[in-house]
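Fold and geometry: a report
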Amino acid sequence: MTTDTLVRDPASTVPLSQMDVSDPKLFQSDTIGSYFARLRREDPVHYCPESAYGPYWSVTKFKDIMQVEVNHQTFSSEAKLGGIALQDMQSGEASLELEMFIAMDPPKHDAQRKAVSPVVAPSNLVLLEPIIRERAGLILDSLPIGEEIDWVDRVSIELTTMTLATLFDFPWEERRKLTRWSDVATATPETGVVSSFEQRREELLECAQYFKGLWDQRVNEPPKSDLISMMVHSPATRDMPYLEFLGNLILLIVGGNDTTRNSISGGVLALNQNPAEYRKLMADPGLIPKMIPEIIRWQTPLTHMRRTALMDAEIGGRKIRKGDKVVMWYLSGNRDDEVIDRPNEFIIDRPNSRHHLSFGFGVHRCMGNRVAELQLRIIWEEILKRFSKVEVVGAPERTLSNFIRGFTHLPVKLHAH
Ligand code: HEM
């Protein structure tokens, strides 16, 4: 690095004591990486005394993040303490009063997770695979060759929405409602998706009413293998208070939507930015299963999860006080060269490519990881059958968020074989 870049790079000039990595603009401009690199080097467990989200700790190294993840007795996910993101879940105008098991501690968490997890069990995924493949094929076959299109809207959103609609057995023609509710659930007014917290609340109420209708319908039908039917009939969830039912549905919508969507887009961008890797893939499509976890590491579609300390604790030699907000920056842990070899390179045949933090770890480790990998594997298998290249032809536009790491537009042109 030259002296010139050192002077101009704000990540290296801001005093550590004032370093606040929560600004969504740093993620939208994709400049956050150098801030995390500096924290990993100089202050891996970093305290920020003042931010738009109040004081918080940043945990930036892979091993320290794991230490927090496995210790749910000390580091809580409970919604009433603030929940799982920098933005407190149940505070002031942002409050939704929704309950979901991602924001619960054991034992309640475990019972609810157990009730809905069969929908993503390997036996169900085997049934899901041909449906997703057929739908992926239809989406790709409908795309024009040689014309500029928005990959985010035409492929990433469409495919993940279709999969979700299948998991929920959601009315097919109305499936884009799922996309909207997913966007709204994680939105704040500054993202532009909603203009106020009031609007968010109203739209989610509409979502609640819609699902209430589906619940009422399925409660009178014999049990089936879709998620709503499972929740309606399972002893662990059937007497769930209404806000909890809604919360868990929203969790499944959001969990399955933004994350996979942005990994599909992120993979296209990563391959375009690394043409040698794209050539490697074209020469050997058998590399797809290895490439998928690398795409998910590279993209890290959820930048962080947050915990609240239930007691005094220590991470990386720093003293955490009871009540402190602790943010595990997966995006940073996934670039930690103490654990990942050449972490800043996108390597599609990376050995041990599953060793990443994008799905979290511990009791809350992503429940839908196999569904996500399945969708990504299928879409890439179907892409390679049809196109010699998905070429990125303009600058990607990124999401304004410190939680979701994704894209709003990705202009591409398709080339036939
Ligand atoms: C939890 C990431 C896809 C459903 C999580 C967590 C992360 C994550 C980071 C929290 C882990 C923790 O706190 O330790 C991702 C990524 C995905 C993805 C990167 C795609 C690439 C999906 C899909 C579904 C899903 C497709 C549903 C079909 C869930 C659920 C939880 C969860 C239900 C809560 C688990 C719990 O609290 O026990 N996910 N996810 N996710 N995810 Fe995913």
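Being a predicted model, the structure only gives us computed values, none of them experimental. Every chain is numbered independently, its residues counted from 1 as its sequence is written. This being a predicted model, a pLDDT of at least 70 is required before a residue's local features are given, and a value of 80 or more before pairs of side-chain atoms are given or counted; all residues contribute to the totals for chains, interfaces and linings. Computation of side-chain values: all heavy atoms of the structure, hydrogens and water removed.

Some words on the coordination of the iron atom of the ligand
- We call an atom a donor if it is N, O or S and sits within 2.8 Å of the metal, or 3.2 Å for Na, K and Ca. Water is not counted, so some sites may look partial. Protein coordination of the iron atom of the ligand is limited to a single donor, C366 (SG), positioned at 2.3 Å.
- Where helices and strands are cited, they refer to DSSP runs of H or I of at least four residues and of E of at least two residues respectively, numbered from the N terminus. Checked against the element boundaries, C366 lands in the loop between α15 (330-333) and α16 (369-386).

Points about the site of the ligand
- With respect to spatial proximity, 29 residues lie near the ligand, and among them H109, R113, R307, H364 and C366 are the closest.
- Polar contacts here mean pairs of N or O atoms no more than 3.5 Å apart (in protein, one a potential hydrogen donor and the other a potential acceptor; neighbouring residues in sequence count only if both atoms are side-chain atoms). At a separation of 3.2 Å, a nitrogen atom of the ligand approaches a polar backbone atom of G255.
- Looking at the shell around the ligand, the elements that each hand over two or more residues are α6 (108-116), α12 (242-273) and β5 (304-309).
- Any residue that is not Ala, Val, Leu, Ile, Met, Phe, Trp, Tyr, Cys, Pro, Asp, Glu, Lys or Arg is counted as polar, Gly included; the first ten are nonpolar and the last four charged. Split by residue class, the shell around the ligand holds 15 nonpolar, 10 polar and four charged. One heavy atom suffices: a residue is near a molecule or strand as soon as one of its heavy atoms comes within 4 Å of it.

Remarks on the sheet that holds strand β2 (residues 56-59)
- By this definition, two strands are paired if DSSP reports at least two bridges between them. On the basis of which strands lie adjacent, the open sheet formed by five strands has the order β1-β2-β8-β5-β3 and mixed pairing. With one partner strand each, in any of the chains shown, β1 (45-48) and β3 (75-76) form the two edges of the open sheet.
- Where β3 meets β5, two bridges bridge the pair, whose relative direction is antiparallel. Opposite F75, over in β5, you have A309 as the bridge partner.
- Note on definitions: a residue-residue contact is assigned when non-hydrogen atoms from the two residues lie within 4.5 Å. Convention adopted: a line fitted to C-alpha atoms gives each axis, helices being fitted over their contacting stretch, and angles between N-to-C directions are expressed from 0 to 180 degrees. Where helix α5 (residues 62-70) meets the sheet, it contacts β1, β2, β3, β5 and β8 (325-329), and its direction lies at approximately 125° from that of β8.

A closer look at the nonpolar core
- Judged by nonpolar contacts, the single largest core of 113 residues is most densely connected at W151, F168, F211 and W380.
- It is α12 that contributes the most residues to this core, 13 residues altogether.
- Other than its neighbours up to four places away in sequence, F211 contacts F168, F170, L178, W181, I228, F245, L249 and I253.
- Listed in part, the 16 residues of the second largest apolar core include I32, L39, Y53 and W329. Residues enter a nonpolar core if they are buried and are Ala, Val, Leu, Ile, Met, Phe, Trp, Tyr or Cys, with the set joined through side-chain atoms within 4.5 Å. Buried, partly exposed and exposed residues are distinguished by accessible area as a fraction of the type maximum, computed with a 1.4 Å probe on protein chains only: under 20%, between the cut-offs, and over 50%, respectively.

Here we look at the packing of helix α8 (residues 151-168) against α12
- Contact geometry for α8 and α12: axes closest at 9 Å, N-to-C directions at 145°. Crossing hand, α8 versus α12: right-handed. For the pair α8 and α12, the contacting residues are W151, V152, S156, I157, L159, T160, T161, L164 and F168 in the first and L249, L252, I253, G256, N257, T260, R261, I264, S265 and V268 in the second. Take the far helix as your reference; a near helix turned counterclockwise from it by less than a right angle gives a left-handed crossing, and one turned clockwise gives a right-handed crossing.

Description of the pairing of β2
- The side-chain alternation of β2 yields two buried faces, one formed by Y56 and S58 and the other by W57 and V59.
- Sheet topology note: the β1/β2 ladder contains four bridges and is antiparallel. Bridge assignment links Y47 to a residue of β2, and that residue is W57.
- Across three bridges, the pairing between β2 and β8 is parallel. Bridged to V59 within β8 is M328.

Observations regarding unusual backbone geometry
- Omega for the bond connecting P106 with P107 falls within 30 degrees of zero, at 5°, which places this linkage in the cis form.
- Inspection of the secondary structure assignment puts P107 in the loop between β3 and α6.

Here's the deal with the packing of α8 against α16
- One can describe the packing of α8 onto α16 by two numbers: an axis separation of 11 Å at closest approach and a directional angle of 130°. Classified by the angle between their axes, α8 and α16 sit oblique to one another. Helix-helix and strand crossings are classified by hand; for α8 and α16 the assignment is right-handed. From α8, W151, V155, L159, T160 and T163 reach across to α16, where they touch V371, Q375, I379 and I383.
- A per-class count over the contact of α8 with α16 returns six nonpolar, three polar and no charged. Oblique is the label for any angle not under 35 degrees, not over 145, and not in the 65 to 115 range, which are roughly parallel, roughly antiparallel and roughly perpendicular in turn.

A look at the confidence of the model for the chain
- Within a predicted model, pLDDT stands for the predictor's per-residue confidence, ranging from 0 to 100. The share of residues in the chain with pLDDT of 70 or more is 96%, and the mean pLDDT across the chain is 92.
- Taken as a whole, residues 1-6 scores under 50 in pLDDT and shows three contacts with residues more than four places along the chain or in a different chain.

Considering the pattern of salt bridges
- Definition used for salt bridges: Asp or Glu carboxyl oxygen within 4 Å of a side-chain nitrogen of Lys or Arg. Summed over all chains, the structure comprises 38 salt bridges.
- Among the salt bridges present, the one from E42 reaches R38, with a minimum N-O distance of 3.0 Å. Highlighted residues: E42 and R38, both in helix α4 (residues 32-42), separated by four residues, approximately one helical turn.
- Residue class for R38 comes out buried when judged on its relative accessible area of 9%.
- Of the charged contacts in the structure, one is a salt bridge between E373 and R354, with a shortest N-O distance of 2.4 Å. Of this pair, E373 sits in helix α16 while R354 sits in the loop between α15 and α16, placing them 19 residues apart in sequence.

Describing the packing of aromatic side chains
- Here the aromatic set is Phe, Tyr and Trp, taking the six-membered ring for Trp, and pairing holds for ring centres within 6.5 Å; pairs whose planes are under 30 degrees apart are stacked, those over 60 apart are edge-to-face, and all others are tilted. As enumerated under the stated definition, the model contains 13 aromatic pairs in all.
- Between F27 and W329, the aromatic rings sit 5.7 Å apart at their centres with planes inclined by 25°, giving stacked as the arrangement. With F27 in helix α3 (residues 24-28) and W329 in strand β8, this pair connects stretches of sequence that are 302 residues apart.
- On the accessibility criterion, F27 (5% relative accessible area) is buried.

Observations concerning the side chain of S401
- By the secondary structure assignment, S401 is in the loop between β10 (397-398) and β11 (407-409).
- Residue class for S401 comes out buried when judged on its relative accessible area of 11%.
- Among the polar contacts listed, one links the side chain of S401 to the backbone nitrogen of I404, at a separation of 3.0 Å.
- In this structure, S401 is in contact with P24 and F27, ignoring residues within four places of it in sequence.

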